[in-house]
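# Coordinate inspection notes
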Amino acid sequence: PQLRAFELRELSQKFARHFNAPVVQFQILSDDWRKLVFLFADRTVEFHTQYGKHHSTRIPHHGRDLAYQPETCELLLAGAGEEIFRLNLERGQFMAPLTTGCSGINALVVDPTHGMLAAGTADGTIQCWDPRTRRRIGTSNPFDAIEAEYAELDAQPEITSLRFDSRGLLLAAGTSSGHVALYD
């Protein structure tokens, strides 16, 4: 597994980084490429800067997704367990996790306008959290609208991806059954 960055103006490779485990997800923390965070398949989270690897830590469960919340300066990590781990980058320590009560979390996304956190679960629900109070503010099940179609599926339907639009007014949820639910 490796990362390669290219300079398109000069049509050349800027740098390459090699890793010990496959990358599950990554996030750019700065306005440019100089601050990166990687979530690996071996439960490791690595922070990279311009010069290379800066710090590495581990999480208790295998991770599936991560999101950065700039309002609280927290890196949110979720995966096979019911917790959303909160790593405060200002303090450099883990904070109390958010407990979702579901079997796993597949997707995390932070609203760009007001910082609301949305989590797509393996149980087929979307949970919305307020970062100021660290409480769940709502739950939605997009499969209620297509109940007749997913009743024929053998597996439990899951939320596999989430995205807010740039204004933060629309939320798109991708499902394991191939449906996309739009919330306004």
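Everything below is about the structure printed above this text.
In short, a report on the structure. Here the structure is a predicted model, which is why all the values come from computation and not from measurement. Residue positions within a chain follow its written sequence, with the count starting from 1. Local features in a predicted model are, by the rule used here, given only for residues with pLDDT of at least 70; side-chain atom pairs are given and counted only at 80 or more, and totals for whole chains, interfaces and linings are based on all residues. As a rule here, side-chain values come from all non-hydrogen atoms in the structure, and water together with hydrogens is ignored.

Next up on the list: the pairing of strand β14 (residues 135-140). Pairing between strand β13 (residues 126-130) and β14: 5 bridges, direction antiparallel. Bridging across to β14, glutamine 127 finds its partner in threonine 139. Linking β13 back to β14 in an antiparallel pair, the connection comprises 4 residues, with arginine 134 at a positive phi of about 55°. Strands are labelled as partners when DSSP assigns at least two bridges between them. Helix numbers and strand numbers start at the N terminus; a helix is a DSSP run of H or I with at least 4 residues, a strand a run of E with at least 2.

A few words on the pattern of salt bridges. A side chain with one charge can pair with a side chain of the opposite charge if their charged atoms come near. In the sections that follow, a salt bridge refers to a side-chain nitrogen of Lys or Arg positioned within 4 Å of a carboxyl oxygen of Asp or Glu. For the structure on display, the rule yields 7 salt bridges. Between glutamate 7 and lysine 14 there is a salt bridge whose closest N-O contact spans 3.9 Å. Linking arginine 86 and glutamate 74 is a salt bridge whose minimum nitrogen-to-oxygen distance equals 2.9 Å. In this pair, arginine 86 sits in strand β9 (residues 83-88) while glutamate 74 sits in strand β8 (residues 74-79), placing the two residues 12 residues apart along the sequence.

What follows covers the sheet that holds strand β10 (residues 93-99). Sheet architecture is open: 4 strands sit in the order β7-β8-β9-β10, paired in antiparallel fashion. Looking at the sheet topology across the chains shown, the edges are occupied by β7 (63-69) and β10. Within the sheet, the average angular offset between the axes of one strand and its neighbour, ignoring direction, is 25°. Note that β8 and β9 share 5 bridges and pair antiparallel. Within β9, the residue paired with leucine 75 across the bridge is leucine 87. Axis geometry follows a simple rule: fit a line to the C-alpha atoms, using only the stretch in contact for helices, then measure angles between N-to-C directions, giving values from 0 to 180 degrees.

Our next topic: unusual backbone geometry. Of note, the phi angle at leucine 11 is positive, near 55°, even though the residue is not glycine. Considering the arrangement of structural elements, one finds leucine 11 in the loop between β1 (2-7) and β2 (12-18).

You can see isoleucine 84 is positioned in strand β9. For every residue, the accessible area obtained with a 1.4 Å probe (protein chains only) is divided by the maximum for its type, and the residue is called buried under 20%, exposed over 50%, and partly exposed between those limits. Residue isoleucine 84 is classed as buried on the basis of its relative accessible area, which comes to 0%. Contacts are assigned to residue pairs with any non-hydrogen atoms lying within 4.5 Å of each other. In this structure isoleucine 84 touches Leu76, Leu77, Ala78, Pro97, Leu98, Thr100, Ile105, Leu108, Leu117, Ala119 and Trp129, once residues within four positions along its chain are discounted.

Our focus in this paragraph is the packing of aromatic side chains. Aromatic contacts are taken between Phe, Tyr and Trp rings whose centres are within 6.5 Å, Trp giving its six-membered ring; a plane angle under 30 degrees counts as stacked, one over 60 as edge-to-face, and the others as tilted. On inspection of all chains with the given rule, the structure shows 5 aromatic pairs. Between the aromatic rings of phenylalanine 19 and phenylalanine 40, the centroid separation amounts to 5.1 Å while the plane-to-plane angle is 55°, which identifies the pairing as tilted. Note that phenylalanine 19 is positioned in the loop between β2 and β3 (23-28) and phenylalanine 40 in strand β4 (residues 36-40), a separation of 21 residues in sequence. The class of phenylalanine 40 is buried, set by a relative accessible area of 3%. Taken together, the ring pairs connect Phe19, Phe26, Phe38 and Phe40 into an aromatic cluster.

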